[in-house]
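# Summary of the model geometry
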Amino acid sequence: MRIIVADCSAEYSGRLQASLPPAKRVILVKADSSVLIFSELGSYKPLNWMAAPCTIREVDPSADDGESPSPMAGLSGSADGSDSGSDEVAGAGTGDASASDASASEERPCRIIRVKADKTPDLLEIRLAHVYSDESHDLGRDPGLVKDGVEDHLQRLLSEQIERVGPGSRLVRREFPTAIGPVDIMAVDSEGTHVAVEIKRHGGIDGVEQLTRYCALLNRDPLLAPVRGVLAAQSITPQARVLAESRGFSCLLLDYEDMKNAQDPDLTLF
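Residues numbered from 1 in each chain as written. Predicted model: local features only at pLDDT ≥ 70, side-chain atom pairs only at ≥ 80, totals over all residues. Heavy atoms only, no water.

### A look at the overall build of the protein chain
When you go through the protein chain residue by residue, the secondary structure sums to five helices and twelve strands. A total of 270 residues make up the protein chain; the buried ones form 36% of that total. Counting only contacts in the protein chain whose residues sit at least 6 apart along the sequence, the fraction spanning at least 24 positions is 53%. Within the structure as shown, the protein chain displays about 15,700 Å² of accessible surface, and the carbon and sulfur contribution to it stands at 52%. (Helix = DSSP H or I, 4+ residues; strand = E, 2+ residues; numbered from the N terminus. Buried < 20%, exposed > 50% of the residue type's maximum accessible area, 1.4 Å probe, protein only. Contact = heavy atoms within 4.5 Å. Areas by Shrake-Rupley, 256 points an atom, 1.4 Å probe, with all protein chains shown as cover.)

Below is the structure:
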């Protein structure tokens, strides 16, 4: 991972046009050649970026002689290659007094990083006016993010505590197969009616629509019909609740911490 802290501006061209005016920012160059530009404030998302697969070229403007660019040497942090056309976007040398004043307000870049997408015409050009820090670090192999409380965890816990759907309920199957995808949980209530349960972390209108499609299909099967629906989630929006109830579905709020603590240790094999 190469981390550059610099005063910079950027231009993105290709399928869309976007620009970043000069400011102090952080530029990340990942091992797969992805390049991301961040500011200190605002969203966690980068201001602009180029995802892999892409090719990075680095230019020293003072040595730019119009020759073919040389690739940036890994993530070494220093550039000694050359590229062409850096003055095209520099905005200098128009001969007009007002243009000269405008270009004088932006410091001539000491380095230019050009990132070209391999499969599209997209180009990200980053102009570094002053570099405060340029370091590379080997982060090693990342084990990945371990999530807790995702839909699969909720599904497993609810299948083990199926009576939360209603007293006397029995589990038929998790991931009950249908022609349009698996239903998260299929159960039977105390009266013998099949219950299709759609599980979401945050229940919205999309979850209600998905449950509607499942129930419409399942109710065509005479061996299952009638099938009623339950939208189960850690939170359910008021709009989703109104829509679900208008279609005859029930809403079930899931307390993940309570469900984890309710597990019977005597049922654990190891």
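On we go.
### Brief notes about the pattern of salt bridges
Across all of its chains, the model carries 14 salt bridges by this definition. Between R164 and D258 there is a salt bridge, with the nearest N and O atoms lying 3.0 Å from each other. With R164 in the loop between α2 (151–160) and β8 (170–176) and D258 in helix α5 (residues 256–261), this pair connects stretches of sequence that are 94 residues apart. Looking at R164, the relative accessible area reads 31%, which means it is partly exposed. A salt bridge links E198 to K200; the shortest N-O distance between them is 3.5 Å. Across this residue pair, the class does not change: E198 and K200 are buried. Each member of the salt-bridge network shares a partner with another, and the members are R2, E58, R111 and D134. (Salt bridge = Lys/Arg side-chain N within 4 Å of Asp/Glu carboxyl O.)

### A closer look at the pairing of strand β6 (residues 111–117)
For β6, the buried fraction is high: six of the seven residues fall into the buried class. Note that strand β5 (residues 54–59) and β6 share six bridges and pair antiparallel. Pairing of R57 across the sheet is with R114, part of β6. The sheet contact formed by β6 and strand β7 (residues 123–136) spans six bridges and is antiparallel. Across the sheet, I112 pairs through a bridge with R127, a residue of β7. Hairpin geometry of β6 and β7 is characterised by an intervening segment of five residues between the two adjacent antiparallel strands. (Pairing = 2+ DSSP bridges.)

### Overview of the nonpolar core
Residues I27, V35, V115, L124, I126 and L128 are the most contacted members of the largest nonpolar core, which totals 19 residues. Elements supplying a minimum of two residues to this core: β1 (2–13), β2 (18–29), β3 (35–38), β5, β6 and β7. The leading source of residues in this core is β1, at five residues. Excluding its chain neighbours within four sequence positions, the residues that come into contact with L124 are A10, E11, Y12, V35, I37, N48, W49, M50, I113, R114 and V115. Of all hydrophobic cores here, the second largest spans 18 residues; its members include C215, V227, A244 and F249. (Core = buried A, V, L, I, M, F, W, Y, C linked by side-chain atoms within 4.5 Å.)

### Overview of the pairing of strand β12 (residues 250–253)
As paired strands, strand β11 (residues 227–236) and β12 are joined by four bridges and run parallel to one another. In the sheet register, A232 faces β12, and the bridge partner there is L252. Following the chain from β11 across helix α4 (residues 238–246) to the adjacent parallel β12, one finds a crossover that is right-handed. (Right-handed = clockwise from strand over helix to strand, strands pointing away.)

### Some remarks on unusual backbone geometry
Put simply, A52 and P53 share a cis peptide bond, and its omega is 5°. Residue position: P53 is located in the loop between β4 (48–50) and β5. A cis amide bond links A225 with the next residue in sequence, P226, at an omega value of 0°. Phi angles above zero are rare outside glycine, and E175 is one such case at about 50°. Of note, E175 is situated in strand β8.

### What about the sheet that holds β7?
Taken together, seven strands build an open sheet; the order of strands is β4-β3-β2-β1-β7-β6-β5 and the sheet is antiparallel. Two strands in the sheet have a free side with no partner beyond their single neighbour: β4 and β5. When strand polarity is set aside, the average angle formed by the axes of neighbouring strands in this sheet is 30°. As judged from the ten bridges shared by β1 and β2, these two strands associate in the antiparallel manner. Residue pairing across strands places I4 opposite I27, the latter belonging to β2. (Axes fitted to C-alpha atoms, helices over the stretch in contact; angles between N-to-C directions.)

Distances and angles like these do not, on their own, reveal function.
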